[in-house]
Amino acid sequence: MSDSRPDYQRIIEQIHQELLLHKNYGEVADYIPELANIDSEQFGVFLHTVDGNNYHTGDWQTPFSIQSIVKVLLLSLAYTKLGGRLWQRVGVEPSGTPFNAMGTLEHDDGIPRNPFSNAGALVVCDVLMDTYEDPRAALLALLRSASGDDTIDFDPVVAASEKAEGHRNLALVNFLKSLGNIHNDVEAVLDLYLDSCSVAVNCEQLARSFMFFANHGQTLDGGVQLLNRSQAKRLNAIMLTCGFYDEAGDFAYKVGLPGKSGVGGGIVAVLPNHFSLAVWSPRLNEKGNSYRGLRFLEQFTTVTGESIF
Ligand code: DON
């Protein structure tokens, strides 16, 4: 390691220890019954640098549910097929509303403000059904190629658990259909979306899966160009502005990295040319973002001085 590089291992361990000294706030996502059973005190970090070094602490090997983080990968699949035409179906503006909001859709003629709201991701899933013969296989292929790990897979128990209680998403997909922005069968679109959210990853798999966003669209291992430079730039911009719903501004202000959260308690953030960083802690704040995950990332970019700003 060069002398100018922060001592990442010491830093992540130190922040981890500091977090343990303070009360852990928030609740696990019990609206998905299977996620309610999780040990809420778990905490893991995996940092993967573009020069191929790895640093980790805590429960970094424990699998958790990727949930909304998968929306970035679904978007990548749709964007590589449609390019800018995709923006006729979904916008790229921050919504300032919760992830499952319905409120703006009627006013916006069924065009979701951005692809990371549930409505936006449902439209992206509809696009994938029209552009891929097997969208599930395409998603797994992307995750596996990006991470170099062929064991990543869906978790049918989590998917079934969310399907049983997915009234809000069912309402959203029907509402979008009534407004003309879903072309396929609503149940099939919802199924693809919920299967995608169920993917199980640990912190290492998540950090590795997102390395291509830190590396101008190219995987580190094998140099596969999953997005071109311009596409990677644009998707990082959407992560920065929309990755945390009505907390996106706060995340940019406190952390200063493109990133994406999920109600499984995971957050992944990237610093282009430098690293991909995954953190997992299941207790969520009232915006649906991991409480300790956010605190960790704020401390990390503050102590290292490494952010996009
Ligand atoms: O659709 C849902 O409600 C979940 N499958 C995903 C939501 C989510 O992860 C929001 N992120 N913080």
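Structural data are supplied above this passage.
Residues numbered from 1 in each chain as written. Predicted model: local features only at pLDDT ≥ 70, side-chain atom pairs only at ≥ 80, totals over all residues. Heavy atoms only, no water.

Packing of helix α3 (residues 118-131) against helix α6 (residues 167-178) brings their axes to within 10 Å, and their N-to-C directions diverge by 60°. Between α3 and α6, the crossing angle belongs to the class labelled oblique. Like other packed secondary-structure pairs, α3 and α6 cross with a definite hand, here right-handed. On the side of α3, the interface is formed by N118, A119, L122 and V123, while α6 contributes N169, L172, V173 and L176. When its residues are assigned to classes, the contact of α3 with α6 shows six nonpolar, two polar and no charged. (Axes fitted to C-alpha atoms, helices over the stretch in contact; angles between N-to-C directions. Helix = DSSP H or I, 4+ residues; strand = E, 2+ residues; numbered from the N terminus. Parallel < 35°, antiparallel > 145°, perpendicular 65-115°, else oblique. Left-handed = near helix turned anticlockwise from the far one by under 90°. Contact = heavy atoms within 4.5 Å. Nonpolar A, V, L, I, M, F, W, Y, C, P; charged D, E, K, R; others polar.)

Attention now goes to the site of the ligand. Taken together, 15 residues form the shell around the ligand, and within it Y31, Q67, S68, E162 and Y193 come nearest. S68 places a polar side-chain atom, nitrogen or oxygen, 2.6 Å from an oxygen atom of the ligand. The separation between a nitrogen atom of the ligand and a polar side-chain atom of Y245 is 3.2 Å. For the ligand, whose accessible area on its own is 340 Å², the fraction buried by protein is 99%. Of the residues that constitute the shell around the ligand, the class distribution is six nonpolar, eight polar and one charged. (Near = heavy atom within 4 Å. Polar contact = N/O pair within 3.5 Å; in protein donor to acceptor, adjacent residues only side chain to side chain. Areas by Shrake-Rupley, 256 points an atom, 1.4 Å probe, with all protein chains shown as cover.)

On to the nonpolar core, then. In this structure, L206, F210 and F213 are the most contacted members of the largest nonpolar core, which totals 65 residues. Per-element accounting of this core gives the leading share, nine residues, to helix α2 (residues 70-82). In this structure F210 touches I69, V72, L73, M239, V268, V270 and S276, once residues within four positions along its chain are discounted. With 24 residues, the next largest nonpolar core counts I15, L257, L277 and F300 among its residues. (Core = buried A, V, L, I, M, F, W, Y, C linked by side-chain atoms within 4.5 Å. Buried < 20%, exposed > 50% of the residue type's maximum accessible area, 1.4 Å probe, protein only.)

Once that is clear, we can look at α3. Taking 1.5 Å of rise per residue, the 14 residues of α3 would be expected to cover 20 Å, and the 20 Å separating its terminal C-alpha atoms lies within 8% of that figure. The buried fraction of α3 amounts to 11 of the 14 residues, a majority that puts the element mostly inside the structure. Buried residues along α3 sit in contact with α2, α4 (135-147), α6 and α7 (186-197). (Expected span 1.5 Å × (residues − 1).)

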